[in-house]
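Topology and contacts: notes
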Amino acid sequence: PETILLCDSIINFLICNRNIVIEIQTNTDSRGDILKNDTISYRCSDYLRKLILQKADIDSSRIWIKGFGELNPRIRELAHSLNRRTLIVIKKVLS
C-alpha cells in the first residue's frame, strides 16, 4: 500500500514536471551483511522504478536509481526502521 501511494505520487509529479529527472534512493538499516544490504537497497529502488514505468508513459531516462545499503544512517542501532527509507531526489532540470 505505501509503495503504491509513493508510486502514484511520483507519477503525478513527473507528469506535471516533464523537465525533471529524479533519483530514487533507498537505504537499509545496519543489521545484516553489508553486501546483502547493498543488493536489497538497489533492488528496492529498481522495483519502484519499474513499477512507475509500468504504470505510466514516462521516459525511463528521467528516473535514476541508487541503493545506498546501510550508508547514510539516520540513527545507529536505536531505531532500525528510521534507516529503512526511500528518498526521491531531483537530480536535473532539463531545458
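Residues numbered from 1 in each chain as written. Predicted model: local features only at pLDDT ≥ 70, side-chain atom pairs only at ≥ 80, totals over all residues. Heavy atoms only, no water.

From N to C terminus, the protein chain includes 3 helices and 3 strands. Each helix (α) and strand (β) of the protein chain, taken in turn from the N terminus, gives the series α-β-α-β-α-β. Looking at the protein chain as a whole, 36% of its 95 residues qualify as buried. Taking contacts inside the protein chain between residues at least 6 apart in sequence as the whole, the part at least 24 apart equals 75%. A total accessible area of about 6,200 Å² is found for the protein chain, and carbon and sulfur atoms account for 55% of it. (Helix = DSSP H or I, 4+ residues; strand = E, 2+ residues; numbered from the N terminus. Buried < 20%, exposed > 50% of the residue type's maximum accessible area, 1.4 Å probe, protein only. Contact = heavy atoms within 4.5 Å. Areas by Shrake-Rupley, 256 points an atom, 1.4 Å probe, with all protein chains shown as cover.)

So, on to the nonpolar core. One finds I22, I24, I52, I58 and I63 to be the most contacted residues of the largest nonpolar core, which totals 14 residues. Elements that contribute at least two residues to this core include exactly α1 (2–16), β1 (20–27), α2 (34–55) and β2 (63–67). With 4 residues, the single largest contributor to this core is α1. Contact partners of I58, with chain neighbours within four places excluded, come to I11, L14, I52, L53 and I63. (Core = buried A, V, L, I, M, F, W, Y, C linked by side-chain atoms within 4.5 Å.)

This part takes up the environment of S61. With respect to the helices and strands, S61 occurs in the loop between α2 and β2. Put simply, S61 and I22 are 39 residues apart on the chain and 9.3 Å apart in space, counted from C-alpha to C-alpha.

What follows covers a nonpolar patch on the surface. Together, F13, I90 and V93 line one region of the surface with nonpolar side chains, adding up to about 270 Å² of accessible area. By the element assignment, V93 lies in strand β3 (residues 85–93). (Patch = residues over 30% accessible without salt bridge, like charges linked within 9 Å, V, L, I, M, F, W, Y side chains within 5 Å. Salt bridge = Lys/Arg side-chain N within 4 Å of Asp/Glu carboxyl O.)

Counted under the stated rule, the structure contains 3 salt bridges. The salt bridge partner of K55 is D8, with a shortest N-O separation of 2.6 Å. Separated by 47 residues along the polypeptide, K55 in helix α2 and D8 in helix α1 bring together distant segments of the chain. Overall, the relative accessible area of 43% leaves K55 in the partly exposed class.

Another point: the side chain of S45. With respect to the helices and strands, S45 occurs in helix α2. Judged by its relative accessible area of 0%, S45 is buried. Only 2.9 Å separates the side chain of S45 from the side chain of T26, close enough to count as a polar contact. Those residues in contact with S45 that sit more than four places away from it in its chain are I24, Q25, T26, I65, K66 and G67. (Polar contact = N/O pair within 3.5 Å; in protein donor to acceptor, adjacent residues only side chain to side chain.)

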